[in-house]
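What follows is the residue order along each chain.
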Amino acid sequence: MTSLQDRWPLGALHDVRDELLVAWDRPGYHDLRHLGEVLDRLDDLDRDGAVFDRVPVVLAAWFHDAVYDGQADAEDRSAQLAEARLPDPPASEVARLVRITAHHQAFPDDLNAAALSDADLAILAAGPSRYASYTRDVRREYAHVPDADFRAGRAKVLTDLMDGPSLFRTPQGRAAWEEQARANVSDEIARLVGG
């Protein structure tokens, strides 16, 4: 099995890679496992024929939750980190993609953003035990938020995602994950609002 360290898409900037591995090494959902899963899903999309610029998209995966503290501007601070630590190109594109993960509002013809958004949201299509651990880990990250407020906020985020024509922007993502993700998210919303 390839280590995360070996999945860095550049032949240089290993100090940046190592800083990111330290940043991702934390409790909760947005951890090293999540980074690995997003990289795995990008590999799946690539293998299934999704078209995207691999190096900036993979770098954006590495940076997209590098700063994660439950604050509203975490994605922007992650993007700023990419701008500070990468040469340009690809820093501008990486930062743009990272910022899109704040709301996952990628246009289908924005191939790079569509691939990153789909890989990041693919957890929504996980099997029952992984989905359950995902929701527990997300709740742990927001332990400082009272339960009623968390349930309302989480339900809103999920409902907003479900309001679009599809959760996934690439044809490959829709084919692989849409049906299961909609079922999982619908069940979670029902649990959240049912209290």
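Here goes a summary of the coordinates provided. No experiment lies behind these values; they were computed from the predicted model shown.

Calculation notes
Residues numbered from 1 in each chain as written. Predicted model: local features only at pLDDT ≥ 70, side-chain atom pairs only at ≥ 80, totals over all residues. Heavy atoms only, no water. Helix = DSSP H or I, 4+ residues; strand = E, 2+ residues; numbered from the N terminus. Contact = heavy atoms within 4.5 Å. Phe/Tyr/Trp six-rings, centres within 6.5 Å; stacked < 30°, edge-to-face > 60°. Lys NZ or Arg CZ within 6 Å of the ring centre and 35° of its normal. Expected span 1.5 Å × (residues − 1). Buried < 20%, exposed > 50% of the residue type's maximum accessible area, 1.4 Å probe, protein only.

## Quick notes on the environment of Arg-41
At step 1: Here Arg-41 lies in helix α2 (residues 32-47).
At step 2: Linking Arg-41 and Gly-173, residues 132 residues apart in sequence, is a C-alpha distance of 9.1 Å.
At step 3: Beyond its immediate sequence surroundings of up to four residues, Arg-41 is in contact with Ala-119, Ala-122 and Trp-177.

## Notes on the packing of aromatic side chains
At step 1: All told, the structure shown has 5 aromatic pairs when counted by the stated rule.
At step 2: In this structure an aromatic cluster arises from ring pairing among Tyr-29, Tyr-131 and Tyr-134.
At step 3: Across the ring face of Trp-24, the terminal group of Arg-26 is positioned such that the distance to the ring centre comes to 5.4 Å.
At step 4: Over the ring of Phe-150 we find Arg-139; its NZ or CZ atom is 4.4 Å from the centre of that ring.

## A closer look at helix α7 (residues 128-141)
At step 1: Its 14 residues place the ends of α7 20 Å apart at the C-alpha level, agreeing with the 20 Å of an ideal helix rising 1.5 Å per residue.
At step 2: Taken together, the buried positions of α7 are Arg-130, Tyr-131, Ser-133, Tyr-134, Thr-135, Asp-137, Val-138 and Glu-141.
At step 3: Looking at the buried positions of α7, the neighbouring elements they touch are α2, α8 (147-162) and α9 (171-194).

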